[in-house]
Amino acid sequence: MYFFKKLQNNIRFSNYLFSLFITVSLSIHSFSQQPAWVNKAGAKQFPTGKKIYSVDASSDTSKVVTAAIQKTIDECAKNGGGIVTFSPGIYVMGSIFLKSGVHLRIDKGVLILGSQNFADYPEIHTRIAGIETTWPAALINVIDASNVAVTGEGIVNSRGKFCWDKYWNMRKEYDKKGLRWVVDYDAKRIRTFLAQNSSDLTLKGLTFKNAGFWTIQLLYSHNLTVDGVVVRNNEDGSGPSTDGIDV
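What counts, and where the lines are drawn
Residues numbered from 1 in each chain as written. Predicted model: local features only at pLDDT ≥ 70, side-chain atom pairs only at ≥ 80, totals over all residues. Heavy atoms only, no water. Salt bridge = Lys/Arg side-chain N within 4 Å of Asp/Glu carboxyl O. Helix = DSSP H or I, 4+ residues; strand = E, 2+ residues; numbered from the N terminus. Buried < 20%, exposed > 50% of the residue type's maximum accessible area, 1.4 Å probe, protein only. Pairing = 2+ DSSP bridges. Axes fitted to C-alpha atoms, helices over the stretch in contact; angles between N-to-C directions. Contact = heavy atoms within 4.5 Å. Core = buried A, V, L, I, M, F, W, Y, C linked by side-chain atoms within 4.5 Å.

Undergrad: Give a description of the pattern of salt bridges that names residues and reports values.
TA: Overall, the coordinates contain ten salt bridges when judged by the stated rule. For Glu-123, the salt bridge is made with Lys-188, and the minimal N-O distance between the two is 3.2 Å. Taken together, the residues Glu-123 in strand 7 (residues 123–128) and Lys-188 in the loop between helix 4 (182–186) and strand 12 (193–196) connect sequence positions 65 residues apart. Between Asp-227 and Lys-204 there is a salt bridge, and its shortest N-O distance comes to 3.8 Å. Linking Asp-227 in strand 16 (residues 222–227) with Lys-204 in strand 13 (residues 199–204), this pair joins segments that are 23 residues apart in sequence. Under the relative-accessibility criterion, Asp-227 is labelled partly exposed at 36%.

Undergrad: Break down the sheet that holds strand 16 for me, citing the residues and quoting the values.
TA: With parallel pairing, six strands are arranged side by side in an open sheet as 1-2-5-10-13-16. Looking along the sheet, the strands with just one partner apiece sit at the ends: strand 1 (52–54) and strand 16. Strand-to-strand, the axes of this sheet are offset by a mean angle of 15°, without reference to chain direction. Docked against the sheet, helix 2 (residues 66–78) engages strand 1, strand 2 (82–85) and strand 5 (102–105), running at close to 170° with respect to strand 2.

Undergrad: Account for the environment of Gly-94, with residues named and values stated.
TA: Along the chain, Gly-94 turns up in the loop between strand 3 (89–93) and strand 4 (96–98). For Gly-94 and Ala-119, which are 25 residues apart along the polypeptide, the C-alpha to C-alpha distance reads 8.5 Å. Contacts of Gly-94, omitting those with residues within four sequence positions, involve Val-64, Thr-66, Ser-115, Asp-120, Tyr-121 and Leu-139.

Undergrad: I'd like a rundown of the pairing of strand 9 (residues 140–143), residues and numbers included.
TA: Along any regular strand the residues' side chains alternate between the sheet's two faces. Note: strand 4 against strand 9, three bridges, orientation parallel. Bridged to Phe-97 within strand 9 is Asn-141. Pairing of strand 9 with strand 12, which is carried by four bridges, proceeds in the parallel orientation. Across the sheet, residue Ile-140 finds its bridge partner in strand 12, namely Phe-193.

Undergrad: Outline the nonpolar core, listing residues and values.
TA: If you look at the biggest cluster of nonpolar residues, it comprises 38 residues, and the most contacted ones within it are Phe-86 and Phe-193. If we ignore the near neighbours within four places in the chain, the residues touching Phe-193 are Ala-138, Ile-140, Val-142, Val-150, Leu-201, Leu-203, Thr-215, Ile-216 and Gln-217.

Undergrad: Please provide a residue-by-residue account of the sheet that holds strand 17 (residues 230–232), values included.
TA: Read from one edge to the other, the open sheet built from five strands follows the order 3-6-11-14-17, with strand pairing classed as parallel. Only two strands of the sheet have a single partner each, and these edge strands are strand 3 and strand 17. Between one strand axis and the next, the sheet turns through 20° on average, direction left out of account.

Undergrad: How would you explain the pairing of strand 10 (residues 146–151) if you had to name every residue and give the values?
TA: Of all six residues that make up strand 10, five are buried, and the element is covered over most of its length. Bridging between strand 5 and strand 10 involves three bridges; their strand directions are parallel. Looking at the pairing, His-103 lines up with Ala-149 of strand 10. Summarising the sheet, strand 10 and strand 13 pair through five bridges and their orientation is parallel. Counted as the bridge partner of Ala-149 is Thr-202 from strand 13.

Laid out in structure tokens, this is it:
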């Protein structure tokens, strides 16, 4: 009896996969004809400021240089916008907050490493898995801003294992108490990129690695373009909830 039930379930699953394949194939075909809504989606603006603002920060990986990066972003925004860049090197940072008119360019040869100290990620009001709550800010944040871009061929490695370890350690205790799903909210972990209450944002070309939690979250925002990003999580172990893009 068990064999036949298992066979029946396998047949159902195979039928589901076939239906899914047909649906996806039809969707791809229809998208190739570019439906009318395509021209209405995506960022309608891109920062036009051409002035370059170079981050003056040490690439010594023993130092967290969040303040220097944020200072450069703030200066760029205060002067009407432009392009914030890094010299080739490795930079360790916690949460940074982009502002309207700023184009953050992380070029090839630049490696951003996320701080592994929770104190470098201030808590903000946000939404996680359907619940309005306070949660640590992401590594890169675009909040209440418009006409923003984050581009380049560089790498952003969140080094999220410190978040994964926190989660798995808490799971041991929560599972014993029958609180399996509660730990997902109590184990506050770090997102890599957050767009919240923002518009006309372009995120393009970067490689994101080892998110502590979700990689890219697009929240309460409109006219966003995410194009050509690469997500490579779980290189350093088993990362729970390291989603690619959450809308």
